[in-house]
Amino acid sequence: MNDIIKANQKSFLVIDEKNQLQKNLRELTSSMNSIGLVPTMGNLHDGHLSLLRQSLIENELTVITIFVNPLQFGKNEDFGRYPRTLPDDQNKILKLYEQEFSHRTLILFAPKSIDEMYPQNFQTTISVGHSLTQILCGKVRPTHFDGVTTIVYKLFSLVKPHNAYFGQKDYQQCIIIKKMVLDLELPIHLKILPISRNEFGLALSSRNQYLTGEETILALTLHKALRKLRESLLENFFSQSFLKKTFHLREEILKDERFEYLEILDGESLEAITSHSKKVAILGVFRLNGTRLLDNEVVDIHAR
Ligand code: AMP
């Protein structure tokens, strides 16, 4: 696989080998002022495409990656059944490229095997501290974020992007990647884009397809809970009782055992809110029949 679709002298390349990617990047990047990276696990929906669109707007060269990263799945998780839909994904990318961005250069990098990213005897892990990676989702997925930071670091070092695009939907992931970039002084701007939702407010996710029609409606419980807590925060923020009222509401909501967690935290440190907090993040996971649904609301206190 190494298609080149030429349009107006610029091109869309599909690459499945790391060496080929590096060769093409060496040839292309000398003439490109800015490179954007959009890491994904594929099964693309409008949320992924909003990241891709933003990168194509802001960069001469964009690399979108599709790789179902085994390192970020626990033993009994859904690595085996995670939806792999590369031909469809490629069509969606090509459509967007041809309709709006044929003046740009775009590479789809979809490694052809796990070995391509993790050769035999691969032994290194990039691991951000436990205070960020073992809380919230990390409590039930203790190795998940190490898997994420390891693949993201590898992609950063392969592509050397100026800008990298992530979704606010995975809020904890964004905070952890920010910390990695800060601590390792990586010269990369992180761009965090808003959550894309369906018409009813459900955050788009590749895992939504595990849900039945009825469960898709039940899944809205999470979004509704987050909105209620957001409203409560906004109503009560400047009264002394703000935390009390909002946390009381949280306790009420948590009586529904399908919530794995529902937390109201400082939006930057993911620690308890203090009088210095600039942002508050309301983060939740809701479980339906084994499917974990993530969503969040962020309240920017200074902007109020
Ligand atoms: P994934 O393929 O699920 O690993 O996601 C790849 C990127 O797309 C991550 O940065 C996600 O946060 C982002 N993403 C996933 N769902 C959404 C959504 N509904 N809205 C915006 N970005 C999203």
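Relevant structure appears above.
Quick notes on the rules
- Residues numbered from 1 in each chain as written.
- Predicted model: local features only at pLDDT ≥ 70, side-chain atom pairs only at ≥ 80, totals over all residues.
- Heavy atoms only, no water.
- Salt bridge = Lys/Arg side-chain N within 4 Å of Asp/Glu carboxyl O.
- Helix = DSSP H or I, 4+ residues; strand = E, 2+ residues; numbered from the N terminus.
- Expected span 1.5 Å × (residues − 1).
- Buried < 20%, exposed > 50% of the residue type's maximum accessible area, 1.4 Å probe, protein only.
- Near = heavy atom within 4 Å.
- Polar contact = N/O pair within 3.5 Å; in protein donor to acceptor, adjacent residues only side chain to side chain.
- Areas by Shrake-Rupley, 256 points an atom, 1.4 Å probe, with all protein chains shown as cover.

Remarks on the pattern of salt bridges
One pass over the full model with this rule turns up 16 salt bridges. Note that Arg53 is salt-bridged to Glu100, the shortest N-O span being 3.2 Å. Taken together, the residues Arg53 in helix 2 (residues 46-58) and Glu100 in helix 3 (residues 86-100) connect sequence positions 47 residues apart. Across the pair Glu58 and Lys191 runs a salt bridge, and its minimum N-O distance is 3.1 Å. Within this pair, whereas Glu58 is found in helix 2, its partner Lys191 is found in strand 7 (residues 189-193), the two being separated by 133 residues in sequence. What emerges from the salt-bridge pattern is a single network uniting Arg227, Arg230 and Glu297.

Considerations on helix 7 (residues 144-159)
Look at helix 7: 23 Å from first C-alpha to last across 16 residues, which is about the 22 Å you get at 1.5 Å a residue. Across the 16 residues of helix 7, 14 count as buried, placing the element largely inside the fold. Of the residues flanking the end of helix 7, it is Lys160, one or two places downstream, whose phi is positive at about 50°.

Digging into the site of the ligand
With respect to spatial proximity, 16 residues lie near the ligand, and among them Met41, Gly167, Asp170, Ser196 and Leu204 are the closest. Within the backbone of Met41, one N or O atom sits 2.9 Å away from an oxygen atom of the ligand. For the ligand, whose accessible area on its own is 480 Å², the fraction buried by protein is 92%. Every element with two or more residues in the shell around the ligand is listed here: strand 3 (35-40), helix 2 and strand 6 (163-167). The element contributing the most residues to the shell around the ligand is helix 2, with 3 residues.

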